[in-house]
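# Observations on chain architecture
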Amino acid sequence: MEMMMIKKEETLQLFDRPTVSLKKFIVFFLWLITGPECTTGSVNRKLTVQTGGSVIIPCYYDRKYKEHKKYWCFHAKSSYYYCSILAYANETKGNVSVIDHPDQSFFTVTMRNLQHEDTGSYWCVEEIGGIFQMDETEQLRLTVQSAPDVSVMNSSVSGHEGDNVSVQCFYTSGYQNELKQWCRIKDKSCYTEKRTDTSQNSSVQISDDGRSSFTVLMTGLRLSDSGWYFCSAGDLQVSVQLTVNAVVTTEEFDEKGNNNSTESSEEQQNKHYGYLEVWIPTVVLFLLLVTVVSAVKLRKKNNINNTHNTEVTRDGDSDAGNSVRSSSAVAENDVTYSSVTVRPKTKTKAFSPVSVEDEVTYSSVHKQ
């Protein structure tokens, strides 16, 4: 890599030739004499972005530079010794935003509405300080194309601990025979389609359709898998951010009922459906119970009314019977009955010369 000298004080206009003043010449001459070694990152990344699109670029640095200033620098040609500082960490200038994450030892550069003239060389820089001390840098090459040679469907993916996640990477026909890789930027560990290194993690699988895309499948996600990756075809790369969320359990709620872990919208939606599955059967069962109790009470009420009606009917029948009997008594009073008496034969006295027949008394019946 060519020797470069990057100073934050020198911010040249894009595409202008640097005007070397006497002070710059003296500094440059002393730099040549002392011959300080320019420390650069060991990874040169080549990225492609679609015209009018946006890109997020992570820049990792050593933890010892946690308190140092960071900035994003650009020059169209990498042969220049100076570059234009586009933005420092935690500020936004134009279409460029830089955010530092010191707890994770990296800063991110977001560039929006990229055009063809944004194609060129860029540097992630940690400012060291001092005239004879070179800043810590990592060089990148960004190419803006109407149809990028390498791209992804989603530049940010997420999953839960223990789950799986897949990333689809696309490439043009000129990269069909190039090596396909999935690499983690932080530790520069890469996984290839054709595995020759048996030490590679078996949870990463790469399958290439041989035409225009390859798919990266990560299984059994762990929280430590969160970070920045890139899929590459040949020497071209595209960045992808992976976020692994912890599985929420009931023990993770504090005394106030607040959740100590961040839940995704999918988890909240599943919890809402769980509440519905519990409450709907409960409400149906309660309504059914109310209906049964009401029916039993109504039936008892009807039985009481029927008993009262039966007693009234019986009383009516008794009155009707007394009336019939009274009528019969009246009818019987309209008839006069007479008894008929039959007496047996009696013997005649010895001195009676005639025998007497049985004596019969007849009575007549008169109807009034």
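Given the structure is predicted, the values throughout are model-derived calculations rather than measurements. (Residues numbered from 1 in each chain as written. Predicted model: local features only at pLDDT ≥ 70, side-chain atom pairs only at ≥ 80, totals over all residues. Heavy atoms only, no water.)

### Concerning the overall build of the chain
Scanning the chain for helices and strands turns up two helices and 22 strands. The buried share of the chain, reckoned over its 368 residues, is 30%. A sequence separation of at least 24 residues applies to 62% of the contacts in the chain between residues at least 6 apart. Accessible area of the chain: about 24000 Å², with a carbon and sulfur share of 53%. (Helix = DSSP H or I, 4+ residues; strand = E, 2+ residues; numbered from the N terminus. Buried < 20%, exposed > 50% of the residue type's maximum accessible area, 1.4 Å probe, protein only. Contact = heavy atoms within 4.5 Å. Areas by Shrake-Rupley, 256 points an atom, 1.4 Å probe, with all protein chains shown as cover.)

### Some details on the pattern of salt bridges
Going through the model one piece at a time under the given rule, you end up with seven salt bridges. Notably, a salt bridge pairs R222 with D225, separated by 3.4 Å at the nearest N-O pair. (Salt bridge = Lys/Arg side-chain N within 4 Å of Asp/Glu carboxyl O.)

### Let's talk about the sheet that holds strand β15 (residues 204-208)
Across the sheet, which stays open at both edges, the four strands sit in the order β10-β12-β16-β15 with antiparallel pairing between neighbours. The strands lining the two open edges of the sheet, one partner per strand, are β10 (150-152) and β15. Averaged over all pairs of adjacent strands, the angle between strand axes in this sheet comes to 20°, irrespective of strand direction. Here β10 pairs with strand β12 (residues 165-171) via three bridges, running antiparallel. Across the sheet, residue V150 finds its bridge partner in β12, namely Y171. (Pairing = 2+ DSSP bridges. Axes fitted to C-alpha atoms, helices over the stretch in contact; angles between N-to-C directions.)

### Digging into the pairing of strand β2 (residues 55-60)
The side chains of a regular strand alternate, residue by residue, between the two faces of the sheet. Burial analysis of β2 places five of its six residues in the buried class, which makes it a mostly covered element. Judged from the six bridges that link them, β2 and strand β7 (residues 106-111) form a sheet pairing that is antiparallel. Bridge pairing links C59 to F107 in β7.

### Looking at the nonpolar core
Core analysis: the biggest nonpolar cluster contains 24 residues, and W182, F214, V216, M218, C231 and L242 have the highest contact counts within it. Looking at this core, the elements with two or more residues in it are β10, β12, β15, β16 (213-218), β17 (227-233) and β18 (236-245). The element that contributes the greatest number of residues to this core is β18, accounting for five residues. Residues within four places of M218 in sequence aside, it is in contact with D163, N164, V165, W182, S203, V204, D225, Y229 and L242. Y61, A87, Y122 and V144 belong to the second-largest nonpolar core, a separate cluster that totals 22 residues. (Core = buried A, V, L, I, M, F, W, Y, C linked by side-chain atoms within 4.5 Å.)

### Structural notes on the packing of aromatic side chains
The final tally for this structure, using the stated rule, is seven aromatic pairs. By the ring-pair criterion, three or more aromatic residues cluster together here, those being W72, F74 and Y122. Note that K69 overlies the ring of Y88, its terminal NZ or CZ placed 5.9 Å from the centroid. The ring of Y171 has K180 lying over it, and the distance from NZ or CZ to the ring centre is 4.6 Å. (Phe/Tyr/Trp six-rings, centres within 6.5 Å; stacked < 30°, edge-to-face > 60°. Lys NZ or Arg CZ within 6 Å of the ring centre and 35° of its normal.)

### Side note on the sheet that holds β2
One open sheet accounts for four strands, arranged β2-β7-β6-β5; its pairing is antiparallel. At either end of the open sheet lies a strand with only one pairing partner, and these are β2 and β5 (91-93). Between one strand and the next, the sheet's axes are offset by a mean angle of 15°, whatever the strand orientation. Of the pairings in the sheet, the one linking β5 to strand β6 (residues 96-101) comprises three bridges and is antiparallel in character. The residue bridging E91 from the neighbouring strand is V98, located in β6.

### Quick look at the side chain of S213
Mapping S213 onto the fold places it in strand β16. By relative accessible area, S213 is classed as buried at 6%. One polar contact links S213 to Q168, side chain to side chain, over a distance of 3.4 Å. Here the side chain of S213 touches D209 through a polar contact of 3.0 Å, side chain to side chain. With sequence-adjacent residues up to four places away left out, S213 is seen in contact with Q168, C169, F170, Y171 and D208. (Polar contact = N/O pair within 3.5 Å; in protein donor to acceptor, adjacent residues only side chain to side chain.)

### Considering the state of the cysteines
Applying the stated criterion across every chain, the model contains four disulfides. Here C169 pairs with C231 through a disulfide, and the sulfurs are 2.4 Å apart. In this structure, the disulfide formed by C169 and C231 twists by about -115° around the S-S bond and is classed as left-handed. Taken together, the residues C169 in strand β12 and C231 in strand β17 connect sequence positions 62 residues apart. Judged on exposure class, the residue C169 and its partner C231 are both buried. (Disulfide = S-S within 2.5 Å.)

### A few points about a nonpolar patch on the surface
On the surface, a cluster of nonpolar side chains totalling about 760 Å² of accessible area is made up of Y275, V278, W279, V283, F286, L287 and V290. Here W279 shows up in helix α2 (residues 265-333). The class for W279 is exposed, based on a relative accessible area of 56%. (Patch = residues over 30% accessible without salt bridge, like charges linked within 9 Å, V, L, I, M, F, W, Y side chains within 5 Å.)

### What about the environment of S84?
You can see S84 is positioned in strand β4 (residues 84-88). As for S84 and Y122, which are separated by 38 residues in sequence, their C-alpha atoms are 9.3 Å apart.

### Remarks on the confidence of the model for the chain
The predicted model of the chain averages 75 in pLDDT, with 60% of residues at 70 or higher. Taken as a whole, residues 1-21 scores under 50 in pLDDT and shows 62 contacts with residues more than four places along the chain or in a different chain. Within the model, the stretch residues 27-43 combines pLDDT values under 50 with 31 contacts to residues more than four positions away or in other chains. (pLDDT = per-residue confidence, 0-100.)

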